[in-house]
Amino acid sequence: MRTEETVVTSTITILNATTLSASPLRDILHEVEKNLRCSVSLQKHSLDIEKTFDTSRGQYYSTAILTQVMKRAPVSTKCVALVDVDVFIPVLSFVFGEAQFGGNATVVSTHRLCNQFYGMPADESLHVQRIAKEIIHELGHTYGLYHCRNFECVMRSSTYVEDIDLKKSSLCNECWQLFEILSLNNLKKNE
Ligand SMILES: [Zn+2]
Ligand SMILES: [Zn+2]
């Protein structure tokens, strides 16, 4: 059972490579901290995003960004590269994000998470919610969580932005229990 007393102490670093302003970034950080009960810090990035551009697709190669993050991520932290370019992996037309399963690094793209991409009016609060959900989801993979079939769980897989809107920002009870064990193991591993 999920209790308010549970505190998982682990550090997450977000490498911000977007043009998002301080206010939405603060809200995103707060959402991630609240749902994973971890401390999250924001850092300027030193990623070479342009190097990952694929001229034939006109998109950026997600795995190449992930590799750069893996090289920079300190062993004891989980590192999220937050980018605003459109990212892909070869078998899919696009991805919202990619994670190193059970590892330290993840990439999340805000590109397809804003309403304007779909020709709809801007909605900052919705944008923040979607980005936070994607970050929490990808971080879940880095801790070793698989996709969940629970309709509301943040670990449910999302193909379209509507799928992201349908789920919550939180882990379901089952995923939370697993997350607690996995994050403790992660802490021990890094001691
Ligand atoms: Zn996933
Ligand atoms: Zn779940």
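Report on the accompanying structure. (Residues numbered from 1 in each chain as written. Chains lettered and ligands numbered in written order. Predicted model: local features only at pLDDT ≥ 70, side-chain atom pairs only at ≥ 80, totals over all residues. Heavy atoms only, no water.)

**Focus on the sheet that holds strand β6 (residues 87-88)**
Line of reasoning, step 1. Strand order in the open sheet made by the 3 strands is β3-β4-β6, with mixed pairing throughout. This sheet does not close on itself; its edge strands, each paired only once, are β3 (53-54) and β6.
Line of reasoning, step 2. Bridge count between strand β4 (residues 59-61) and β6: 2 bridges; the pairing is parallel. Each residue of the ladder has a partner; that of Y61, found in β6, is F88. (Pairing = 2+ DSSP bridges. Helix = DSSP H or I, 4+ residues; strand = E, 2+ residues; numbered from the N terminus.)

**Some details on the coordination of the zinc ion (ligand 1)**
Line of reasoning, step 1. Taken together, the protein ligands of the zinc ion (ligand 1) are H137 (NE2), H141 (NE2) and H147 (NE2), with distances of 2.0 to 2.1 Å.
Line of reasoning, step 2. In the primary structure, the donors to the zinc ion (ligand 1) are separated according to the pattern H-x3-H-x5-H.
Line of reasoning, step 3. H147 sits in the partly exposed class, given a relative accessible area of 47%. (Donors = N, O, S within 2.8 Å, 3.2 Å for Na, K, Ca; no water. Buried < 20%, exposed > 50% of the residue type's maximum accessible area, 1.4 Å probe, protein only.)

**A few points about helix α2 (residues 62-72)**
Line of reasoning, step 1. Here α2 has its buried residues at S62, I65, L66, Q68 and V69. Seen end-on, α2 carries its buried residues on one side only, within an arc spanning 160°.
Line of reasoning, step 2. As for α2, its buried residues are in contact with β1 (11-17), β4, β5 (77-83), β6, β7 (97-99) and β8 (105-109). (Arc of directions from axis to C-beta. Contact = heavy atoms within 4.5 Å.)

**Considerations on the coordination of the zinc ion (ligand 2)**
Line of reasoning, step 1. All of the protein donors around the zinc ion (ligand 2) are C148 (SG), C153 (SG), C172 (SG) and C175 (SG); their distances to the metal are 2.3 to 2.4 Å.
Line of reasoning, step 2. Between the 4 donor atoms coordinating the zinc ion (ligand 2), the angles at the centre fall across 107 to 113°, so the site counts as tetrahedral.
Line of reasoning, step 3. Expressed as a motif, the donor residue spacing for the zinc ion (ligand 2) is C-x4-C-x18-C-x2-C. You can see C153 sitting in the loop between α3 (124-143) and α4 (161-166) and its partner C172 sitting in the loop between α4 and α5 (173-189), a full 19 residues away along the chain. Across the pair, C172 and C153 agree in class, each one buried. (Tetrahedral: all angles 85-135°; square planar, octahedral: opposite > 155°, others 65-115°.)

**Thoughts on the packing of helix α1 (residues 22-36) against α3**
Between two packed helices, both the angle of their axes relative to each other and the distance between the axes serve to describe the pair.
Line of reasoning, step 1. Relative to each other, α1 and α3 sit at 45°, their axes nearing to 9 Å. Judged on the interaxial angle alone, α3 and α1 are oblique. Considering the relative orientation of α1 and α3, their crossing is right-handed. Where α1 abuts α3, its residues S23, P24, D27, I28, E31, V32, N35 and L36 lie against E124, V128, Q129, I131, A132, I135, I136 and L139. (Axes fitted to C-alpha atoms, helices over the stretch in contact; angles between N-to-C directions. Parallel < 35°, antiparallel > 145°, perpendicular 65-115°, else oblique. Left-handed = near helix turned anticlockwise from the far one by under 90°.)

**Some remarks on unusual backbone geometry**
Line of reasoning, step 1. The backbone of R37 sits at a positive phi, close to 50°, despite the residue not being glycine.
Line of reasoning, step 2. Structurally, R37 can be placed in the loop between α1 and β2 (39-44).
Line of reasoning, step 3. The buried category is assigned to R37, whose relative accessible area is 15%.

**Some details on the pattern of salt bridges**
Line of reasoning, step 1. Tallied over the entire structure, the rule returns 4 salt bridges.
Line of reasoning, step 2. Close ionic contact of R112 with D86 constitutes a salt bridge, the shortest N to O distance being 2.8 Å. A residue pair is termed long-range when its members are at least 10 positions apart, and R112 in the loop between β8 and α3 and D86 in the loop between β5 and β6 qualify at 26 residues. Grouping residues by exposure puts R112 and D86 together as buried.
Line of reasoning, step 3. Residue E152 is joined to K168 by a salt bridge in which the shortest nitrogen-to-oxygen separation is 3.4 Å. Of this pair, E152 sits in the loop between α3 and α4 while K168 sits in the loop between α4 and α5; the two residues are 16 residues apart in sequence, bridging distant segments of the chain.
Line of reasoning, step 4. Since its relative accessible area comes to 41%, E152 is described here as partly exposed.
Line of reasoning, step 5. What makes K168 partly exposed here is its relative accessible area of 43%. (Salt bridge = Lys/Arg side-chain N within 4 Å of Asp/Glu carboxyl O.)

Shape is all these values report; function is a separate question.
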